[in-house]
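What the coordinates show
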Amino acid sequence: MPKESMSENITYCQHGVYAIAVWVLTQTAIAFQKGILYTESKSLKIRYCSYTGPLAPIRKMRILTFILIILISSCGQPDNSGGNKEAEPVISTNLEKHVDSSYSEENEEIESSFPDWLIENYPTELEFEYGYTLKQEIKDYRIVNDSISFCIYQQMDGVCSRRILDTYTKQIKTDSLEIAENCDHDLSLPTYSWKEFEVKSSNIILTTEFIESVHDSLIDENGMMKKGYDFMEAETTVDTIKQVFQVNNQGLIKEIKK
């Protein structure tokens, strides 16, 4: 039981005991008075119908006094009917379990959005010689028909981020194509390019390559930016190259000519 509730119950109990105590003392005083009147009126043969002697009322008061003592001893005792377990730790434990299970279910949802056989093909990290590490992450998975499917995954090496399209025929890798790229720019170079993509339908992918260049007058004989010029501050032009690709019924990626 909470401490505030127990304290409130003890207060009510004490008030009740005080009221009973006052009543017992009052009845005792009346009993003494009636006992004295009984003794004084004995010669006149006056009887009180509910008394058997001058001290009978006092003997009856003993029962009430005994009850009063029991009430006093029981007042303030905590209610152990619910056991000694406190409620707050139980609530805290349940809350922690709920948070942990929610977190676990969310992670399982993310992982289960892709089939297990596909996840096994793309470890999160690939380690190569000289400490070179390539990170991978599956981004999308589409089913073309009963036997053909494809996935789009991302590779990151710290300099470039690429998106690659892989096709599968009955869970066997069939074809692959880089459909997006975004790398850090070397500002000494007069051009900068990046590629983006869009999935147009279940088997059609559009790629767009952007090529940003400075004017030829800012390029030296070695094909680099002339000294004293900054690519970020120079005026540039942007050209685009669009391509449309289709995943066919054999799982191959074919460009659709316009």
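Shown above is the structure to which this text applies.
Residues numbered from 1 in each chain as written. Predicted model: local features only at pLDDT ≥ 70, side-chain atom pairs only at ≥ 80, totals over all residues. Heavy atoms only, no water.

What about the overall build of the chain?
- Broken down by element type, the chain carries four helices and nine strands.
- Listed N to C, the secondary structure of the chain is α-α-α-α-β-β-β-β-β-β-β-β-β in terms of helices and strands.
- Here the chain holds 258 residues, and the buried ones make up 23% of them.
- When contacts within the chain are restricted to residue pairs at least 6 apart in sequence, those whose partners lie at least 24 apart make up 41%. (Helix = DSSP H or I, 4+ residues; strand = E, 2+ residues; numbered from the N terminus. Buried < 20%, exposed > 50% of the residue type's maximum accessible area, 1.4 Å probe, protein only. Contact = heavy atoms within 4.5 Å.)

Describing the pattern of salt bridges
- Enumeration over the complete set of coordinates arrives at eight salt bridges.
- Among the ionic pairs, Arg-162 bridges to Glu-181, the shortest N-O distance being 3.2 Å. Of this pair, Arg-162 sits in strand E4 (residues 160–169) while Glu-181 is found in strand E5 (residues 172–183), placing the two residues 19 residues apart along the sequence.
- Taken together, the salt bridges that share partners define one network made up of Asp-157, Arg-162, Glu-178 and Glu-181. (Salt bridge = Lys/Arg side-chain N within 4 Å of Asp/Glu carboxyl O.)

Re the side chain of Thr-167
- Relative to the helices and strands, Thr-167 resides in strand E4.
- A polar atom in the side chain of Thr-167 sits 2.5 Å from the backbone oxygen of Gly-251.
- Setting aside residues up to four positions removed in sequence, Thr-167 forms contacts with Ser-149, Phe-150, Ile-172, Lys-173, Thr-174, Asp-175, Val-247, Gly-251 and Ile-253. (Polar contact = N/O pair within 3.5 Å; in protein donor to acceptor, adjacent residues only side chain to side chain.)

Section: the pairing of strand E6 (residues 191–199)
- Pairing analysis gives nine bridges linking E6 to strand E7 (residues 204–214), with the strands arranged antiparallel. Along E7, the bridge assignment pairs Tyr-192 with Glu-212.
- The turn joining E6 and E7, which pair antiparallel and follow one another in sequence, is formed by four residues. (Pairing = 2+ DSSP bridges.)

Points about the side chain of Ser-149
- Within the secondary structure, Ser-149 is located in strand E3 (residues 148–156).
- The buried category is assigned to Ser-149, whose relative accessible area is 5%.
- Ignoring sequence-local partners within four residues, the contact set of Ser-149 consists of Trp-117, Tyr-141, Arg-142, Ile-143, Val-144, Asp-166, Thr-167 and Tyr-168.

What to know about the environment of Met-225
- Position of Met-225 relative to the elements: it lies in the loop between E7 and strand E8 (236–247).
- Sequence separation between Met-225 and Thr-191 is 34 residues, and the spatial gap between their C-alpha atoms is 9.2 Å.
- Not counting the four nearest positions on each side in its chain, Met-225 is found in contact with Leu-187, Ser-188, Leu-189, Pro-190, Val-214, Leu-218, Asp-220, Asp-230 and Phe-231.

A short note on unusual backbone geometry
- Backbone geometry at Lys-170 places phi at a positive 50°, although glycine is not the residue there.
- In this structure, Gln-171 takes a positive phi of about 70° despite not being glycine.
- When you line up the elements, Gln-171 lands in the loop between E4 and E5.

Let's talk about the environment of Asp-146
- Tracing the sequence through the fold places Asp-146 in the loop between strand E2 (133–143) and E3.
- Its relative accessible area of 88% is what places Asp-146 among the exposed residues.
- In the structure, Asp-146 is positioned 24 residues away from Lys-170 in sequence and 8.1 Å away in space, judged by C-alpha atoms.

Some words on the packing of aromatic side chains
- Throughout the structure, instances matching the rule amount to five aromatic pairs.
- Plain terms: the ring middles of Trp-117 and Tyr-168 are 5.2 Å apart, the flat faces sit at 70° to each other, and that makes the pair edge-to-face. You can see Trp-117 sitting in helix H4 (residues 116–121) and its partner Tyr-168 sitting in strand E4, a full 51 residues away along the chain. In this structure, Trp-117 and Tyr-168 share a single accessibility class: buried.
- With 4.6 Å between their ring centres and 45° between their planes, Tyr-122 and Tyr-153 make a pair best called tilted. (Phe/Tyr/Trp six-rings, centres within 6.5 Å; stacked < 30°, edge-to-face > 60°.)

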